[in-house]
Amino acid sequence: MDEIVRQAVARAIMTMRDNLGDRLTIDDLARAAMFSKFHFTRVFLRATGLSPGRFLSALRLAEAKRLLVTTGISVADISHQVGYNSVGTFSARFSGSVGFSPTGYRQLRGMSPRIAERTGQPESEVAVRGHVWRPPGGDTGPVFVGLFPAKIAEGTPARYAIVPGAGQYTLTDVPLGSWYVIAHAYGAIPQDDRGPRPLTGLAGPVTVHRGVAASLVDVRLRPRHGFDPPVLLALPDLRQAQVRRPVAV
DNA sequence: TCCCTTCTGTGGTATACAAT
DNA sequence: ATTGTATACCACAGAAGGGA
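Criteria and cut-off values
- Just so you know, the residues in each chain are numbered from 1, in the order the chain's sequence is written.
- As they are written, the chains are lettered A onward and the ligands numbered 1 onward, keeping that order.
- Predicted model: local features are reported for residues with pLDDT of at least 70 only, side-chain atom pairs are reported and counted for 80 or more only, and whole-chain, interface and lining totals are derived from all residues.
- Side-chain metrics in this entry use all non-hydrogen atoms of the structure; hydrogen atoms and water are not considered.
- For this description, a residue counts as near a given molecule or strand if any of its non-hydrogen atoms is within 4 Å of it.
- As used in this structure description, the phrase polar contact means that two N or O atoms lie within 3.5 Å; if the pair is within protein, one of them must be able to donate a hydrogen and the other to accept it, and residues adjacent in sequence are counted only when both atoms belong to side chains.
- By definition, any uninterrupted DSSP run of H or I lasting at least four residues is a helix, any uninterrupted run of E lasting at least two residues is a strand, and each is numbered from the N terminus.
- Any two strands with at least two DSSP bridges between them are considered paired.
- Here the term charged refers only to Asp, Glu, Lys and Arg, the term nonpolar to Ala, Val, Leu, Ile, Met, Phe, Trp, Tyr, Cys and Pro, and the term polar to all other amino acids, Gly among them.
- Helix span, as expected, comes to 1.5 Å for every residue beyond the first.
- Throughout this description, buried means an accessible area under 20% of the type-specific maximum (1.4 Å probe, protein chains only), exposed means over 50%, and partly exposed covers the range between.
- For this quantity, the arc is that covered by the directions from the helix axis to the C-beta atoms.
- The contact criterion used throughout is that any non-hydrogen atoms of two residues lie within 4.5 Å.

1. Some points on the protein's contact with DNA strand B
- As a matter of local geometry, DNA strand B sits amid 19 residues, with S51, G53, V75, S95 and T103 nearest to it.
- Put simply, 83% of the atoms of DNA strand B that lie within 4 Å of the protein are in sugar or phosphate.
- At a separation of 3.2 Å, a phosphate oxygen of DNA strand B approaches a polar backbone atom of G53.
- Within the side chain of S91, one N or O atom sits 3.4 Å away from a phosphate oxygen of DNA strand B.
- Looking at the surface near DNA strand B, the elements with two or more residues in it are α3 (37-48), α4 (52-70), α5 (75-81), α6 (87-98) and α7 (102-107).

Right, dumping it as structure tokens:
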């Protein structure tokens, strides 16, 4: 990636983080990056995998998740703090991305006992399998591996699995379509007083056709960096040594 | 009282395509 | 490489209604 583009995108993301509660438009962000809004949208998409609007929305919802779990602020106030003027819109967007309503998420303290998978699709009998590689210079705890339509872990995964650590994963009966493989885990050993280091991995898209037995997709775990959109979907607590798979694959 | 869901009109955004 | 146009789509605000 071009260094100028990289800096522009980093600046835009910093602007988003610093102004979550304000009304930010593509024009504002493009101006800060000194690109036309058209060019800005394209380079941003290339760098992060998400359009600026979706990335900003993801940051807002991630901050809302944090506030719900760590504070007692009302849902209405949180909605306002993270930039929504309408609690209805906030609640709908939060539920759609996280998998639980704001109060439901707060009651669960941010840890999901279950994850819904996409239903109602014709059975493809296609498996997606592969290897989750350990991050460079470290091991990992339990790994969430899910199939999503976009480069962000939000909404309903087409299929998912939680494997005990780096190694093989298999997802069976994957619905027809094009899916990104997103992995999420924590480093096995806490790096500092902030706790275990979050790890991420992205591969694909893998296109599942009828009549193909299996697709092989490997995923490499690495430390999260600033260009990675947050994980919005509520997951089981991957920091625990034992994670039971809530739904059989 | 607080929150969630659902609905509708509106405006911004995403993106294919064209131009420079 | 960068900017602009056209247009379909989606996220938004705001309101109504209902549940706890």
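Next comes the rest of the account.
2. Structural notes on the sheet that holds strand β6 (residues 198-208)
- Taken together, the five strands give an open sheet; going across it, the order is β3-β2-β5-β6-β9, and neighbouring strands pair in antiparallel fashion. Looking at the sheet topology across the chains shown, the edges are occupied by β3 (160-163) and β9 (222-223).
- Across nine bridges, strand β5 (residues 177-187) lies against β6 in antiparallel orientation. Within β6, the position partnered with A183 by the bridge is G201.

3. Side note on the protein's contact with DNA strand C
- Lining the immediate environment of DNA strand C, one finds S36, F38, H39, R42, Y84, N85, S86, T89 and R93.
- Here the atoms of DNA strand C within 4 Å of the protein split so that 50% fall in sugar or phosphate, with bases taking the remainder.
- R42 places a polar side-chain atom, nitrogen or oxygen, 3.2 Å from a base oxygen of DNA strand C.
- Among the elements of the structure, α3 and α6 are those that each provide at least two residues to the surface near DNA strand C.
- Tallying contributions element by element places α3 first for the surface near DNA strand C, with three residues.
- Along the lines of polarity and charge, the residues of the surface near DNA strand C split into two nonpolar, five polar and two charged.

4. Digging into helix α1 (residues 3-18)
- With 16 residues, α1 extends 22 Å between its outermost C-alpha atoms, agreeing within 8% with the 22 Å of an ideal straight helix rising 1.5 Å per residue.
- Taken residue by residue, α1 has V5, A8, V9, A12, I13 and M16 as its buried positions. One side of α1 holds all its buried residues, which, seen down the axis, span an arc of 135 degrees. Away from its buried face by more than 90 degrees, α1 exposes I4 and D18.
- Residues of α1 that are buried sit in contact with α2 (26-33), α3 and α4.

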